[in-house]
Amino acid sequence: MTTTPETAPLPRELSDVRGWFPALDQVLFAWLLTRQEGRGERGDLLELGVYLGKSAIFLGRHVQPGENFTVCDLFESDAPDQANTREMARSYATLTRETFERNYLAFHETLPTVLQGPSSLAADRVRANSCRFVHVDASHLYEHVRVDIATARQVLLPDGIVVLDDFRSEHTPGVAVAAWEAVLNGGLRPICLSTQKLYGMWGDPGPVQDELITMARARDDCGLTVQQAAGHRLVRLRARGMRAPDFPHSRHGAPAGPRTAAASLVSPATLVPAGTRRSVRSRAARVAVDVLPPVVTRAVRRARARRRGRG
């Protein structure tokens with residue numbers, strides 16, 4: 001039976017959700033959002049393009065009381081033009097709203113506001129000057145990305161942050177053109193660049209950059225390069241063995257890793273009184289000898305004989 005997103009096991013941890021959200025970007029999302037929250041900055045969150053929900057689930061942890069979180073995706077809806085239709089058929093054929101909601105509700109009690117349709121819907125449905133953080137990860141076509149960047153500028157607060165995904169991937173030149181066009185001609189000022197994403201704002205990025213550089217220099221797992229180009233300070237970050245920040249397991253529980261599975265074979269011995277553990281271990285050993293291959297069985301018996309000889 002072929003496994004589809006709808007029939008896949010329910011996610012137990014964030015890494016079980018398919019999608020592209022590297023550890024470095026998880027660290028940056030968490031750092032930037034937590035910085036805003038620590039400074040008392042309040043505002044709504046918006047994500048354009050959710051795929052199966054990995055980054056949306058992450059963002060959902062940072063929704064503060066009184067804030068709204070809105071996501072927008074085509075899901076099964078018709079694309080607005082032929083080029084977008086081909087893009088959806090090629091890259092997102094398995095994406096459904098049901099799968100996104102299923103994944104999101106594994107980690108959160110309630111869904112965000114879900115807009116089903118082209119990302120341009122957000123310009124009319126999200127209030128102007130209401131958001132502190134916008135993640136743009138929808139179409140990769142230049143014409144659409146331009147509109148998404150314009151939407152981000154419209155809905156963001158003066159010091160709000162926009163994140164543009166795939167701004168330098170070889171298969172998404174339209175995103176690169178739209179992103180750097182916004183920087184060179186549209187007033188967008190970069191905060192930093194990760195492997196996949198451009199982080200920016202239309203306010204002054206200087207204070208954020210200063211703190212970010214200090215944070216990066218204090219980490220052994222984060223490479224840092226600072227350059228100047230076209231009047232912008234470009235802070236480039238790269239992961240060096242970086243691990244994603246801790247994220248709570250879903251309501252479906254912790255994953256049963258190899259150690260958990262192995263422990264379950266001997267756990268009964270740890271649940272009985274000390275005086276009876278030897279007999280439990282002996283029974284377990286006898287069963288193991290019965291089912292192991294002969295070469296392993298002989299090695300077990302030789303080791304047991306040596307232990308008896310030492311005793």
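Residues numbered from 1 in each chain as written. Predicted model: local features only at pLDDT ≥ 70, side-chain atom pairs only at ≥ 80, totals over all residues. Heavy atoms only, no water.

Asker: Account for helix H7 (residues 173-185), naming residues and giving values.
Answerer: Between its first and last C-alpha, H7 extends 18 Å over 13 residues, near the 18 Å set by a 1.5 Å rise per residue. Regarding H7, the residues found buried are Gly 174, Val 175, Ala 176, Ala 178, Ala 179, Ala 182 and Val 183. Residues of H7 that are buried in the fold lie against helix H6 (142-155), strand E5 (156-165), strand E6 (189-193), strand E7 (197-201) and strand E9 (232-239). Just past H7, the residue Gly 187 takes up positive phi, approximately 85°. (Helix = DSSP H or I, 4+ residues; strand = E, 2+ residues; numbered from the N terminus. Expected span 1.5 Å × (residues − 1). Buried < 20%, exposed > 50% of the residue type's maximum accessible area, 1.4 Å probe, protein only. Contact = heavy atoms within 4.5 Å.)

Asker: Outline the packing of aromatic side chains, listing residues and values.
Answerer: For the structure shown, the criterion picks out twelve aromatic pairs. Between Phe 21 and Phe 29, the ring centres sit 5.0 Å apart and the planes meet at 70°, which makes this aromatic pair edge-to-face. Of the two residues examined, Phe 21 and Phe 29, each falls in the buried class. On the numbers, 6.1 Å between centres and 90° between planes, the contact of Phe 29 with Tyr 199 is edge-to-face. With Phe 29 in helix H1 (residues 23-38) and Tyr 199 in strand E7, this residue pair connects regions lying 170 residues apart in the sequence. Overall, the relative accessible area of 0% leaves Phe 29 in the buried class. One aromatic cluster is present, formed by Phe 21, Phe 29, Phe 58, Phe 107, Phe 133, Tyr 199 and Phe 247 through successive ring pairs. The lysine or arginine in question, Arg 61, covers the ring of Phe 247, its NZ or CZ lying 5.3 Å from the ring centre. (Phe/Tyr/Trp six-rings, centres within 6.5 Å; stacked < 30°, edge-to-face > 60°. Lys NZ or Arg CZ within 6 Å of the ring centre and 35° of its normal.)

Asker: Explain helix H4 (residues 97-105) to me, using residue names and the numbers behind them.
Answerer: Along H4, the residues that are buried comprise Thr 99, Phe 100, Glu 101, Asn 103 and Tyr 104. Those residues of H4 that are buried are in contact with helix H2 (54-60), strand E2 (69-73) and strand E3 (113-116).

Asker: Account for the pattern of salt bridges, with residues named and values stated.
Answerer: When their charged atoms lie close together, side chains carrying opposite charge are able to pair. Taken as a whole, this structure holds eleven salt bridges when the rule is applied. Its salt-bridge partner being Glu 37, residue Arg 132 comes within 3.1 Å of it at the nearest N-O pair. Residue Arg 132 is found in strand E4 (residues 131-136), and its partner Glu 37 is found in helix H1; the two are separated by 95 residues along the sequence. Given a relative accessible area of 16%, Glu 37 falls into the buried group. A single salt-bridge network, built from bridges that share partners, covers Glu 37, Glu 67 and Arg 132. (Salt bridge = Lys/Arg side-chain N within 4 Å of Asp/Glu carboxyl O.)

Asker: A description of the packing of H6 against H7 should follow, citing residues and the corresponding values.
Answerer: In contact at an axis separation of 8 Å, H6 and H7 are set at 35° when each is read in the N-to-C sense. Every pair of crossing elements has a handedness; the one defined by H6 and H7 is right-handed. From H6, Tyr 142, Val 145, Arg 146 and Ile 149 reach across to H7, where they touch Gly 174, Val 175, Val 177, Ala 178, Ala 179, Glu 181 and Ala 182. In terms of residue class, the contact of H6 with H7 is made up of eight nonpolar, one polar and two charged. (Axes fitted to C-alpha atoms, helices over the stretch in contact; angles between N-to-C directions. Left-handed = near helix turned anticlockwise from the far one by under 90°. Nonpolar A, V, L, I, M, F, W, Y, C, P; charged D, E, K, R; others polar.)

Asker: With reference to specific residues and values, describe the nonpolar core.
Answerer: Phe 29, Phe 133 and Leu 237 are the most contacted members of the largest nonpolar core, which totals 46 residues. For this core, the leading source of residues is H1, giving nine residues. Core analysis: the next-biggest nonpolar cluster, separate from the first, contains 27 residues, Ala 122, Val 162, Val 183 and Leu 193 among them. (Core = buried A, V, L, I, M, F, W, Y, C linked by side-chain atoms within 4.5 Å.)

Asker: Describe the side chain of Ser 139, naming the residues involved and giving the relevant values.
Answerer: With respect to the helices and strands, the residue Ser 139 is situated in the loop between E4 and H6. For Ser 139, the side chain forms a polar contact with the main-chain nitrogen of Leu 141, separated by 3.0 Å. Side-chain polar atoms of Ser 139 contact the side chain of His 144, separated by 3.2 Å. (Polar contact = N/O pair within 3.5 Å; in protein donor to acceptor, adjacent residues only side chain to side chain.)

Asker: Explain the pairing of E4 to me, and be specific about the residues and the numbers.
Answerer: Along a regular strand, successive side chains alternate from one face of the sheet to the other. The buried fraction of E4 is high, at six of six residues. Strand direction decides the pairing type here: strand E1 (residues 44-48) and E4, joined by five bridges, are parallel. What sits directly across from Glu 47, in E4, is His 135. In this structure, E4 lies alongside E5, joined through five bridges in parallel fashion. Each residue of the ladder has a partner; that of Val 136, found in E5, is Leu 164. For the handedness criterion, the β-α-β arrangement of E4, H6 and E5 is classed as right-handed. (Pairing = 2+ DSSP bridges. Right-handed = clockwise from strand over helix to strand, strands pointing away.)

Asker: Residues and numbers for the confidence of the model for the protein chain, please.
Answerer: Residues of the protein chain with pLDDT of at least 70 account for 73%, and the chain-wide mean is 83. Counting contacts from residues 259-297, a segment whose pLDDT is below 50, to residues more than four positions away or on other chains yields 14 contacts. Note on residues 307-311: pLDDT under 50 across the span, and zero contacts to partners over four residues away in sequence or across chains. (pLDDT = per-residue confidence, 0-100.)

Asker: Please set out the state of the cysteines residue by residue, giving values where relevant.
Answerer: Within the structure shown, the criterion is met by zero disulfides. Note on Cys 222: no disulfide assigned, nearest cysteine sulfur contributed by Cys 192 at a separation of 9.0 Å. For Cys 222, a relative accessible area of 5% corresponds to the buried category. (Disulfide = S-S within 2.5 Å.)

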